[in-house]
Amino acid sequence: MAREARKFNKKPRTRPIKTPAEKARRQRVQRARLVKLGLDAEAVERMQPEDVRKLCMRPAQVEKMVSA
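In this text, all values refer to a predicted model and were calculated from it rather than measured experimentally. (Residues numbered from 1 in each chain as written. Predicted model: local features only at pLDDT ≥ 70, side-chain atom pairs only at ≥ 80, totals over all residues. Heavy atoms only, no water.)

Moving on: the overall build of the protein chain. A tally of regular secondary structure across the protein chain gives five helices and zero strands. From first element to last, N terminus to C terminus, the protein chain shows the α and β order α-α-α-α-α. Counting across all 68 residues of the protein chain, residues that qualify as buried make up 13%. Counting contacts in the protein chain only where the partners sit at least 6 residues apart, residues at least 24 apart contribute 24% of the total. For the protein chain, the accessible area works out to roughly 6400 Å², and carbon and sulfur atoms hold 54% of it. (Helix = DSSP H or I, 4+ residues; strand = E, 2+ residues; numbered from the N terminus. Buried < 20%, exposed > 50% of the residue type's maximum accessible area, 1.4 Å probe, protein only. Contact = heavy atoms within 4.5 Å. Areas by Shrake-Rupley, 256 points an atom, 1.4 Å probe, with all protein chains shown as cover.)

This brings us to the nonpolar core. Counting residues in hydrophobic clusters, the biggest one holds seven residues: L34, L39, V44, V52, L55, C56 and V62. Looking at this core element by element, the count peaks at three residues for helix α4 (residues 49–57). Once residues within four sequence positions are removed from consideration, L55 is found in contact with L34, L39, M47, V62 and M65. (Core = buried A, V, L, I, M, F, W, Y, C linked by side-chain atoms within 4.5 Å.)

Attention shifts here to the environment of L37. Checked against the element boundaries, L37 lands in helix α2 (residues 20–37). Sequence separation between L37 and C56 is 19 residues; the distance between their C-alpha atoms is 9.6 Å. Among residues more than four places away in sequence, those in contact with L37 are P59, V62, E63 and V66.

It is at 5 Å that the axes of α4 and helix α5 (residues 59–67) come closest, and there the two elements cross at 100°. When the axis of α4 is compared with that of α5, the two are roughly perpendicular. When α4 is examined against α5, the residues L55, C56 and M57 are found in contact with a partner set consisting of P59, V62 and M65. (Axes fitted to C-alpha atoms, helices over the stretch in contact; angles between N-to-C directions. Parallel < 35°, antiparallel > 145°, perpendicular 65-115°, else oblique.)

Here's what the structure looks like:
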């Protein structure tokens, strides 16, 4: 009985909560990473956060895009 009761009573009490400040910090770091790879800083600033994340996932593709 104890096993079944625990299975339904697990609550994410220790899971960290994402704060808006941390989200903004992550976005700044990702944008800086793209600029370091060679993209134009103004173009990176105008990008949507989702596009920035997608480009950060594939740095080799970004380098190819910049060199072309």
